[in-house]
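Coordinate analysis (summary)
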Amino acid sequence: MSEARTQNERLDRANAILTNHVPKPAPGAKERVWRGVDRHRRPWRMRFGWPEAVVFAAALAVVFFVQRTPTPEVEWRTVAAGEAVSTHGATVRTLGASTVRTPVVKDGRTVVQVVDGHLDFDVAPRAIGESFVVQTRHAIVTVVGTRFAVRADDDGTVVEVEEGTVEVAPRSGTARRLLAGEQIRIASAASIARADERVAQANRGEAIARAVDAEVPAARDTKEAESTKAPASSGGPAVSKSRERRAAPRARVVERGDAASAAERGEGESPGGAARAEGSTDVNRAAGSHAPAALQVADQEASAPSAERGPGATAPSDSALRAQVVSPKERLRIARKVVASDASRAAELASSVLDEAPAPALEAEALAVLADARRRAGDDAEAAELYRALADHPAASAYGEEALLQLALVSRNVGRLDTARAALETANARYPHGPLALERAALGARLALADGAPGRAAAILLAAPNDGLSLELIRTRLDVAEVVVEGDAELARRLLAVDRSSWPDGLARRAEALQGRLER
Amino acid sequence: MDAMEVGMRAAVPPAVQERGTTASDLTTEVLFRRHFDDVFRIVARLLGPGASDADIEDVVQLVFLQAHRSLPRFRGDAKVSTWLYGIASRVVLTQLRSWGRQRRLERAVEAELETLELQSPEKSAAERQALARVWRALMKIKPKKRVVYVLFEVEGHSGEAIAEQLGIPISTVWTRLHHARRELNRWLAKQEGLR
């Protein structure tokens, strides 16, 4: 009871503090904001001049010219289910209503484009230098001579090989060779976005972690399928580049034997077999959807709590397995998301990326996340080491300046003032006009003040760039001026001789009080 | 200052009917003139003391530009203030989702606290310190919950108004508020324990 009262009192105090603070616009803010609103709300013709008009006219001319250029005769066709067509040395049978484009032959490549549908291809062997290509919105399937099925819809594309070999590449990503009996699914951006949305809706770090862990059993299936089949080319297909930043690779290869046995066990709903179920491509849907059997089993297992998994199941925290399914970029994205609420989780994810010796840019990003996580966890000493490593990293261009500033801050927190000074000096040398120059100057001046050298502090402040507003810098300037006002009035005057029109009221009043003391 | 005021008078057209204006009479100028101070205050409170004046002005400008674009679709079903504050809340939420901006705001609050701890314990410094401490805890809460908390507890908006402003169900408002209170309490308690 008393605990509840304490909590209420604590919140009441916090609310009173928040309510008493009434932010006021700075002088001239209303005019500045109105000018900005007024400038941007005007119609385009009032904002663009002759140069833009000339560029626009040139662009129009190019578009006009391109449109007049003759294009090959192609047409879209909607084909009813069950229809079989022989064309360009291939027999195409539609297993569901499909929208396809008339094949085009160019440079020995016969290209069939599929928008939607489920088609079975039986392709005669090609001569050397020739190939048969099936394009969907998500993947490009290159055939050497084989029999295979392609199913494409809004959720993605599923390719299943019955005989021979095909090469499948996401629209943007690494190609993968599929052997007979293998199946691959390439998710569309929309289905990845849905998966992303689920992750975004997860409120806490644990929930996000579950979303990551849910991928792991699928990785196990993939691994088993690959280990029992002839060797496939290394590296899983990636999703399109624009989505790669935000989503893990979703392509999975499943052995047909596994699918059949899974269906026999009754663990998945599989009308007509794993690869034949119409409209059953969304492997990311909750269990109970019409997903192919093997894929659906994977999803069911993923959504089950770990305690309910079979004895042979691999622990979801196994970073080696996770690494196969959740890309390093995705792990870093999640780590950044949870670093404020769950620093240890973020550190674990960032460490798993570092363990894999990633590309330099990714390594720098992982170092940045790990350092932040350590700092938030209160481990300033290790954070300092990580920031130092990040600052010296060859690919740290985007993080270098901040890393050095953070190194200086955490070093000061643990009492290593020399290290803090050295970090600031390095940053000043490397990034003399960087966006954090003002914060650096403020910290440098504070360190000098702590050393009992107000003259040096004043010199740092007077040398600081004059092109921005930093409250920290203003406060430091006032603190230093207060220290030197008695001993060196001229120096105090120089510190106060700045444009104070945009200073907050409280700081401006402090400056005026100091000015008054100087005049007296 | 005189010149600036004259400039302002020239830049902002004279207000039309301030009271009793119908939805069709609303113009961006009227909205701006009537609601600038309130929008500024809400944006500043939602962003927290870590936001610089320039940050707040940028966001306020975005709010009025968004309002300008949405004005033709505003039919007066809701109160103008509810509609406009809803735009403000959503624009701030979008801004807070930016990782870099969130980091910068957090850093500014921390820097403020560090600086204030070095200053003499005068009244204004103590108040700012208390504010920064509360905000240090608030910044640990996810923006979507923080926004609901500030609108309800600080701005005094009703749950229904917040639901309408953010376009979320009323039950979601209460859930977010509950979580925000619990988390804020936890962080404040942790801070008190550290001090």
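No experiment lies behind these values; they were computed from the predicted model shown.

1. A closer look at the overall build of chain A
The secondary structure content of chain A amounts to 22 helices and 12 strands. Buried positions account for 39% of the 520 residues belonging to chain A. In chain A, of all internal contacts separated by at least 6 residues, the share reaching a separation of at least 24 is 54%.

2. Digging into the overall build of chain B
Scanning chain B from N- to C-terminus turns up 9 helices and 0 strands. By the burial criterion, 39% of the 195 residues in chain B qualify as buried. Counted over contacts in chain B with a minimum sequence separation of 6, partners at least 24 positions apart contribute 65%.

3. What to know about the interface of chain B and chain A
Between chain B and chain A, the contact holds 36 residues from the first and 34 residues from the second. Taken together, the elements giving at least two residues each to the side of chain B that touches chain A come down to helix H1 (2-11), helix H2 (28-47), helix H3 (53-70), helix H5 (99-118), helix H6 (123-138), helix H7 (143-154) and helix H9 (170-194) of chain B. With 8 residues, H3 of chain B is the single largest residue contributor to the side of chain B that touches chain A. Taken together, the residues of the side of chain B that touches chain A sort by class into 21 nonpolar, 8 polar and 7 charged.

4. Quick notes on the environment of histidine 68 of chain B
All names here are of chain B. Inspection of the secondary structure assignment puts histidine 68 in helix H3. On the basis of neighbour counts, which here come to 18 C-beta atoms within 10 Å, the residue histidine 68 falls in the partly exposed class. For the pair histidine 68 and threonine 27, spaced 41 residues apart in sequence, the C-alpha separation works out to 7.9 Å.

5. Looking at the nonpolar core
In terms of nonpolar packing, the biggest core is built from 60 residues, with Ala346, Ala350, Val369, Tyr387 and Leu390 of chain A touching the most fellow members. What valine 369 of chain A contacts, discounting residues up to four positions off in sequence, is Leu332, Ala335, Arg336, Val339, Ala346 and Ala350 of chain A. With 57 residues, the next largest nonpolar core counts Val63, Val147, Ala161 and Val173 of chain B among its residues.

6. Concerning the pairing of strand E10 (residues 176-179) of chain A
All names here are of chain A. Burial along E10 is one-sided: the face carrying Arg176 and Leu178 is buried and the face carrying Arg177 and Leu179 is not. Bridging between strand E9 (residues 165-170) and E10 involves 4 bridges; their strand directions are antiparallel. Residue pairing across strands places threonine 165 opposite leucine 179, the latter belonging to E10.

7. Section: the packing of helix H12 (residues 328-338) of chain A against helix H13 (residues 343-355) of chain A
Residues and elements named next belong to chain A. With their axes 8 Å apart at the nearest point, H12 and H13 run at an angle of 160° to one another. By the angle class used here, H12 and H13 are roughly antiparallel. In the packing of H12 onto H13, the handedness of the crossing is left-handed. Each of Pro328, Arg331, Leu332, Ile334, Ala335 and Val338 in H12 lies in contact with H13, whose residues at this interface are Arg345, Ala346, Leu349, Ala350, Ser352 and Val353. Each residue belonging to the contact of H12 with H13 can be placed in one class, and the counts come to 9 nonpolar, 1 polar and 2 charged.

8. With respect to helix H14 (residues 360-376) of chain A
Residues and elements named next belong to chain A. In this model, H14 (17 residues) spans 24 Å end to end at C-alpha, consistent with the 24 Å of a helix rising 1.5 Å per residue. Extensive coverage of H14 is indicated by the burial of 13 of its 17 residues. Glycine 378 occupies a position one or two residues after H14 and carries a positive phi of about 90°.

9. Remarks on helix H8 (residues 159-166) of chain B
Helical geometry: 3.6 residues make up each α-helical turn, so side chains three or four residues apart lie on a common side. Of all the residues in H8 of chain B, the buried ones are Ala161, Ile162, Glu164, Gln165 and Leu166 of chain B. Just past H8 of chain B, the residue glycine 167 of chain B takes up positive phi, approximately 70°.

10. Concerning the confidence of the model for chain A
On average, residues of chain A score 69 in pLDDT, and 66% of them reach the 70 mark or higher. The low-confidence segment residues 214-324 of chain A (pLDDT under 50) makes 198 contacts with residues lying over four places distant or belonging to another chain.

11. Some points on the packing of helix H20 (residues 471-484) of chain A against helix H22 (residues 505-519) of chain A
Residue and element names in this part refer to chain A. Look at H20 against H22: their axes get within 11 Å of each other, and the N-to-C directions meet at 20°. Put simply, H20 runs roughly parallel to H22. For the pair H20 and H22, the sense of crossing is left-handed. Residues Ile474, Arg475, Leu478, Ala481 and Glu482 of H20 touch H22, and the partners they reach there are Leu507, Arg510, Ala511 and Leu514. Looking at the contact of H20 with H22 residue by residue, the classes come out as 6 nonpolar, no polar and 3 charged.

Cut-off values and rules
Residues numbered from 1 in each chain as written. Chains lettered and ligands numbered in written order. Predicted model: local features only at pLDDT ≥ 70, side-chain atom pairs only at ≥ 80, totals over all residues. Helix = DSSP H or I, 4+ residues; strand = E, 2+ residues; numbered from the N terminus. Buried ≥ 20, exposed ≤ 12 C-beta atoms within 10 Å, placed from the backbone. Contact = placed C-beta atoms within 7 Å. Nonpolar A, V, L, I, M, F, W, Y, C, P; charged D, E, K, R; others polar. Core = buried A, V, L, I, M, F, W, Y, C linked by C-beta atoms within 7 Å. Pairing = 2+ DSSP bridges. Axes fitted to C-alpha atoms, helices over the stretch in contact; angles between N-to-C directions. Parallel < 35°, antiparallel > 145°, perpendicular 65-115°, else oblique. Left-handed = near helix turned anticlockwise from the far one by under 90°. Expected span 1.5 Å × (residues − 1). pLDDT = per-residue confidence, 0-100.

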